[in-house]
Amino acid sequence: MFKFKRQLNKLYAMCAIGNFSLGGASWVALLAARGFSLLEIGFLETIFHITSLTFEIPSGMLADLYGRKKMMIASHCMAVISAVIMIVSGDFREVAVSICFSALSYNFASGSGEAYAYDGMKRYGMEEAYEHFTSMKMILYRIFNGAALLCAGFALIIGYKAANTADALLNLVCIAIALSLEKEPMVKKGEKRTLSAEVKRCFSESFRLLAGNREVQKIMVCNSLVGALAILLGFFLQARLPQTGLPDVLLGPVLFVMGLGGIVGARMVLLLKSWNYRKVAMLCLVTVIFGVAAERTGICVLLCIGGFLASFSDDVIQIRSDALLNEMIPSEQRATLISVSSFCFSVVMIVLSPIAGWFFGG
């Protein structure tokens with residue numbers, strides 16, 4: 001058990017280092033500074049999610065079939081490629097290629113670390129600690145992503161090339177950590193089949209489970225809707241806040257404070273264990289809608305409150321949804337079905353991203 005806790009610490013380290021992303025955290029502000037319009041940025045977000053939509057489920061299947069550790073390594077390799085392409089990019093098409101590799105990075109990471117952790121906990125009878133693990137991981141994400149946002153003004157000063165160079169180097173460190181992980185505690189072994197046969201089997205079994213469980217379907221849809229609204233609001237506030245008169249030097253600190261809402265949410269969810277999912281989902285939906293409404297006022301303080309509430313809602317719904325889905329999904333299909341949840345999120349984002357670009361840019 002102690003040995004496995006060391007593996008969890010490595011997952012925490014990868015989460016922390018990988019999310020201190022100067023170029024990634026401030027990508028909207030950096031592209032806006034390069035002259036890209038909010039409408040173009042909205043379409044780039046759509047391209048991200050079209051790529052994610054296409055590769056999300058296959059990447060989850062590969063994680064279940066060939067190991068979550070390999071997919072985590074692949075994720076950070078894709079992040080390095082994305083950063084390098086962004087450094088040399090000169091127009092919309094080249095930025096779009098970088099965005100595609102960034103999406104692939106998320107695809108390979110999606111569900112892999114969580115499935116690795118949950119299966120290990122299940123092996124040692126630690127399933128009840130999984131929500132604490134996801135809460136801690138979310139807090140680390142918010143702290144280090146928030147620290148990167150705190151440096152948003154610095155990122156604008158040094159430029160997108162230097163910011164993305166730093167991202168590439170940090171992802172190389174994550175690759176080294178991922179390589180040091182032990183082989184996953186539980187990986188299903190069966191008779192040898194061809195890749196196409198394995199993918200077909202994995203897809204059919206996952207589809208059968210998903211189609212027969214309406215509760216899983218509802219959780220995935222609700223998590224996707226609330227998460228999409230929260231993330232889009234957070235993205236476009238990067239460009240919207242300076243328009244309210246906020247000095248560039250304060251953009252990073254303000255974005256950092258807004259991100260603290262996620263830390264509050266990650267801790268709050270542990271106090272809401274007695275609440276059923278419907279009640280938690282309604283709280284998050286109402287809160288994020290209030291955040292969107294606050295953005296329409298154009299008042300800086302209200303925009304900040306809206307961003308704080310969006311971060312809060314996103315983390316509460318994500319942690320609770322993730323914990324419930326892992327309880328409902330068999331180990332051998334866990335990464336695949338978590339990827340299906342991300343697939344659902346991408347569908348919602350594809351629809352909402354250009355609408356949000358028009359809405360927030362209007």
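Note that the structure is a prediction, hence the values are computed from the model and not measured.

Parameters and conventions
Residues numbered from 1 in each chain as written. Predicted model: local features only at pLDDT ≥ 70, side-chain atom pairs only at ≥ 80, totals over all residues. Heavy atoms only, no water. Patch = residues over 30% accessible without salt bridge, like charges linked within 9 Å, V, L, I, M, F, W, Y side chains within 5 Å. Areas by Shrake-Rupley, 256 points an atom, 1.4 Å probe, with all protein chains shown as cover. Salt bridge = Lys/Arg side-chain N within 4 Å of Asp/Glu carboxyl O. Helix = DSSP H or I, 4+ residues; strand = E, 2+ residues; numbered from the N terminus. Buried < 20%, exposed > 50% of the residue type's maximum accessible area, 1.4 Å probe, protein only. 1 Å grid on protein atoms, 1.4 Å probe; cavity = no way out; pocket = protein on both sides within 12 Å on 5 of 7 lines; lining within 4 Å. Points joined across faces, edges and corners; volume = space filled by probe spheres on them. Nonpolar A, V, L, I, M, F, W, Y, C, P; charged D, E, K, R; others polar. Expected span 1.5 Å × (residues − 1). Bend = angle between axes of the 7 residues up to and from the residue. Axes fitted to C-alpha atoms, helices over the stretch in contact; angles between N-to-C directions. Left-handed = near helix turned anticlockwise from the far one by under 90°. pLDDT = per-residue confidence, 0-100. Core = buried A, V, L, I, M, F, W, Y, C linked by side-chain atoms within 4.5 Å. Contact = heavy atoms within 4.5 Å. Polar contact = N/O pair within 3.5 Å; in protein donor to acceptor, adjacent residues only side chain to side chain. Phe/Tyr/Trp six-rings, centres within 6.5 Å; stacked < 30°, edge-to-face > 60°. Lys NZ or Arg CZ within 6 Å of the ring centre and 35° of its normal. Parallel < 35°, antiparallel > 145°, perpendicular 65-115°, else oblique.

**A word on a nonpolar patch on the surface**
Thought 1: Among the surface-exposed residues, Phe290, Ile299, Val301, Leu302 and Ile305 lie close enough to one another that they form a single nonpolar patch of about 440 Å² accessible area.
Thought 2: At three residues, helix H14 (residues 300-328) tops the list of elements feeding residues into the nonpolar patch.
Thought 3: The exposure class of Ile299 is partly exposed, given its relative accessible area of 45%.

**A look at the side chain of Ser313**
Thought 1: Looking at the element boundaries, Ser313 is found in helix H14.
Thought 2: The exposure class assigned to Ser313 is buried, which follows from its relative accessible area of 0%.

**Let's talk about the layout of surface pockets**
Thought 1: Taken as a whole, the second largest pocket holds about 230 Å³ of empty space.
Thought 2: Along its surface, the second largest pocket is lined by Glu215, Lys218, Ile219, Val221, Cys222, Leu225, Tyr277, Arg278 and Ala281.
Thought 3: Counting residues per element, the ones that place at least two in the lining of the second largest pocket are helix H11 (214-243) and helix H13 (277-295).
Thought 4: Among the elements that make up the lining of the second largest pocket, the one with the highest residue count is H11 (six residues).
Thought 5: Class assignment of the residues belonging to the lining of the second largest pocket gives a composition of six nonpolar, no polar and three charged.

**Looking at helix H7 (residues 112-123)**
Thought 1: Spanning 12 residues, H7 covers 17 Å between terminal C-alpha atoms, matching the ideal 16 Å at 1.5 Å per step.
Thought 2: Of all 12 residues that make up H7, 10 are buried, and the element is covered over most of its length.
Thought 3: Gly125 sits one or two residues past H7 and shows a positive phi near 70°.

**Considerations on the pattern of salt bridges**
Thought 1: In this structure the tally under the stated criterion is five salt bridges.
Thought 2: For Asp119, the salt bridge identified is with Arg68, shortest N-O distance 2.7 Å. One end of the pair, Asp119, is in helix H7; the other, Arg68, is in helix H5 (residues 68-88), with 51 residues separating them in the sequence. Neither Asp119 nor Arg68 differs from the other in exposure class; each is buried.
Thought 3: Close ionic contact of Arg142 with Asp315 constitutes a salt bridge, the shortest N to O distance being 2.8 Å. Note that Arg142 is positioned in helix H8 (residues 130-150) and Asp315 in helix H14, a separation of 173 residues in sequence. With respect to class, Arg142 is no different from Asp315; both count as buried.
Thought 4: A network of salt bridges, in which partner residues are shared, links Arg142, Asp314 and Asp315.

**Some details on H11**
Given 3.6 residues to a turn, an α-helix orients residues that are three or four positions apart in the same direction.
Thought 1: Taking 1.5 Å of rise per residue, the 30 residues of H11 would be expected to cover 44 Å, and the 44 Å separating its terminal C-alpha atoms lies within 8% of that figure.
Thought 2: Leu237 marks the point of greatest bend in H11, at about 45°.
Thought 3: Taken from the residues just after H11, Gly245 is the one with a positive phi, measuring 105°.

**Thoughts on the packing of helix H12 (residues 248-271) against H14**
Thought 1: Contact pair H12 / H14: the axes reach a minimum separation of 7 Å and the direction vectors enclose 35°. Once H12 is placed against H14, the crossing between them reads as right-handed.
Thought 2: Along the lines of polarity and charge, the residues of the contact of H12 with H14 split into 14 nonpolar, six polar and two charged.

**Some details on the confidence of the model for the protein chain**
Thought 1: Taken as a whole, the protein chain shows an average pLDDT of 82; of its residues, 89% reach a score of 70 or greater.
Thought 2: Within the protein chain, the element-level pLDDT minimum falls on helix H10 (residues 195-211), averaging 65, and the maximum on H5, averaging 93.

**Here's the deal with the nonpolar core**
Thought 1: Judged by nonpolar contacts, the single largest core of 62 residues is most densely connected at Leu31, Ile41, Leu44, Val95, Leu241, Leu255 and Met258.
Thought 2: Element by element, the count of residues in this core is highest for H11, at 12 residues.
Thought 3: Ignoring anything within four residues of it in the chain, the contact list for Leu44 reads Trp27, Leu31, Phe92, Val95, Ala96 and Ile99.
Thought 4: The next biggest cluster of nonpolar side chains, apart from the first, holds 23 residues, and it includes Val80, Tyr116, Phe133 and Leu181.

**Points about the environment of Ser311**
Thought 1: With respect to the element layout, Ser311 can be found in helix H14.
Thought 2: Sequence separation of Ser311 and Ala266 is 45 residues, and the distance between their C-alpha atoms is 9.7 Å.
Thought 3: Residues contacting Ser311, with those up to four places away along its chain left out, are Arg142, Met258, Gly259, Gly261 and Gly262.
Thought 4: For Ser311, the side chain forms a polar contact with the main-chain oxygen of Met258, separated by 3.2 Å.

**With respect to the environment of Asn171**
Thought 1: Summarising the element assignment, Asn171 is placed in helix H9 (residues 152-179).
Thought 2: Distance from Asn171 to Ile73, taken between C-alpha atoms, is 9.6 Å for residues 98 residues apart in sequence.
Thought 3: The residues contacting Asn171, other than those within four sequence positions of it, are His76, Ala79 and Val80.

**Quick look at the packing of aromatic side chains**
Thought 1: All chains considered together, the criterion is met by four aromatic pairs.
Thought 2: An aromatic cluster is built from Tyr12, Tyr118, Tyr130 and Phe133, whose rings are joined through pairwise contacts.
Thought 3: For Arg34, the ring lying beneath its charged end belongs to Tyr160, and the centroid distance is 3.7 Å.
Thought 4: The aromatic ring of Trp275 is capped on one face by Lys279, whose charged end is 4.5 Å from the ring centroid.

**A short note on the packing of H8 against H12**
Thought 1: Relative to each other, H8 and H12 sit at 175°, their axes nearing to 8 Å. Comparing their axes, H12 and H8 come out roughly antiparallel. From H8, Glu131, Ser135, Met138, Ile139, Arg142, Ile143, Gly146, Ala147, Leu149 and Leu150 reach across to H12, where they touch Gly252, Pro253, Leu255, Phe256, Gly259, Gly262, Ile263, Ala266, Arg267, Val269 and Leu270.
Thought 2: For the contact of H8 with H12, a count of residues per class yields 13 nonpolar, five polar and three charged.

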